[in-house]
Amino acid sequence: MSNNPPGPAEGGGLHTELLSAILNSAVGAIATIDERAIIQLVNPATERLFGYRAEELIGRNIKLLMPEPYRSEHDRYVRRHLDTGATRIIGVGREVEGRRKDGSVFPLHLSVSAFMVGQQRYFAGIMHDLSEHSRVRGELERQETIFESVFNNVPEALLLSDDAGTITHSNSAVATIFGFLPEEIRGTAMQELFASEADYALSRVPA
């Protein structure tokens, strides 16, 4: 086995293999386009994310993977970058939407980088599916809405406090009984609502 460093041909082949291995194993979907927004390369994660085979994507405009209004805006953003150097879409991660082969639209996180190969400029997009994140966020918002509805509509006065006994939340019944609006009572010490320290101490005794 030779201890000499690899020559240009051998080193180039190694670099190509490493690049291929990185692209094929990447969790994020990666797609490379040229200045005309024509897809040049996609990795397996892109195929899985959008439902297309690589041969169905390469040579097509990247807009194929976008719903409106992103589809109409994309070429303008790319052309603006090429003409003026404006970096609105370059190097900035943002939440957008993608369009799968079956027509379904889903949220994704997109970050775009620009690079040169010889005299040719290319763009690479790295995409991550946010569907599960959005589903969880939506479920949390739904549960919060249900809680607020129940909390604000029970006839009994309900107060929530932190460990120090400072009121953090109150319902509408508190305003009826104590005369405080929620924004007025928030931040008040719970014991101030009791006639004496003894009454407050009784309220703190576990049932």
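The text that follows walks through the structure, step by step, so that each part is easy to find.

Parameters at a glance
- Residues numbered from 1 in each chain as written.
- Predicted model: local features only at pLDDT ≥ 70, side-chain atom pairs only at ≥ 80, totals over all residues.
- Heavy atoms only, no water.
- Helix = DSSP H or I, 4+ residues; strand = E, 2+ residues; numbered from the N terminus.
- Buried < 20%, exposed > 50% of the residue type's maximum accessible area, 1.4 Å probe, protein only.
- Contact = heavy atoms within 4.5 Å.
- Areas by Shrake-Rupley, 256 points an atom, 1.4 Å probe, with all protein chains shown as cover.
- Pairing = 2+ DSSP bridges.
- Axes fitted to C-alpha atoms, helices over the stretch in contact; angles between N-to-C directions.
- Salt bridge = Lys/Arg side-chain N within 4 Å of Asp/Glu carboxyl O.
- Phe/Tyr/Trp six-rings, centres within 6.5 Å; stacked < 30°, edge-to-face > 60°.
- Lys NZ or Arg CZ within 6 Å of the ring centre and 35° of its normal.

**Here we look at the overall build of the chain**
Working step 1: Check the secondary structure of the chain and you find eight helices and seven strands.
Working step 2: A burial count over the chain gives 28% of its 207 residues as buried.
Working step 3: Once local pairs closer than 6 in sequence are excluded, the contacts in the chain between residues at least 24 apart make up 33%.
Working step 4: Surface exposure of the chain reaches about 13400 Å², of which carbon and sulfur atoms provide 55%.

**Regarding the sheet that holds strand β1 (residues 29-33)**
Working step 1: Spatial strand order, β2-β1-β5-β4-β3: five strands in an open sheet with antiparallel pairing. For this open sheet the edge positions go to β2 (39-42) and β3 (94-99), each flanked by a neighbour on one side alone. This sheet shows a mean twist of 35 degrees between the axes of neighbouring strands, independent of strand direction.

**Things to note about the side chain of threonine 32**
Working step 1: Inspection of the secondary structure puts threonine 32 in strand β1.
Working step 2: Judged by relative accessible area, threonine 32 falls into the buried class, the value being 11%.
Working step 3: Sequence-distant contacts of threonine 32, that is, excluding residues within four places in its chain, are made with Ile38, Ile39, Gln40, Leu41, Phe115, Tyr122, Phe123 and Ala124.

**Quick word on unusual backbone geometry**
Working step 1: Here glutamate 68 and proline 69 are connected by a cis peptide whose omega angle stands at 5 degrees.
Working step 2: Here proline 69 shows up in the loop between α3 (54-57) and α4 (70-84).
Working step 3: Within the chain, alanine 37 stands out as a residue other than glycine whose phi angle is a positive 70 degrees.
Working step 4: Mapped onto the elements, alanine 37 comes out in the loop between β1 and β2.

**Section: the pattern of salt bridges**
Side chains that differ in sign of charge can pair as their charged atoms come close.
Working step 1: This model, assessed by the stated rule, comprises six salt bridges.
Working step 2: For arginine 36, the salt bridge identified is with aspartate 34, shortest N-O distance 3.1 Å.
Working step 3: The exposure class of arginine 36 is exposed, given its relative accessible area of 61%.
Working step 4: In this structure, the salt-bridge partner of glutamate 55 is arginine 53, at a minimum N-O distance of 3.0 Å.
Working step 5: Counted as one network, the salt bridges with shared partners bring together Arg53, Glu55, Glu56 and Lys101.

**Description of the pairing of β2**
Working step 1: Pairing geometry for β1 and β2, over three bridges, is antiparallel. Directly across from isoleucine 33, in β2, lies its bridge partner isoleucine 39.
Working step 2: The loop that links β1 with its antiparallel partner β2 comprises five residues; one of these, alanine 37, has a positive phi angle of about 70 degrees.

**A look at the packing of aromatic side chains**
Working step 1: One pass over the structure, following the stated rule, counts two aromatic pairs.
Working step 2: Seen from their ring centres, phenylalanine 115 and tyrosine 122 are 5.8 Å apart, and the 25 degrees between their planes marks the pair as stacked.
Working step 3: You can call phenylalanine 115 partly exposed: its relative accessible area is 32%.
Working step 4: Here the basic side chain of arginine 100 rests over the ring of phenylalanine 106, its NZ or CZ set 3.8 Å away from the ring centre.

Take it as geometry only, folks, not as evidence of what the structure does.
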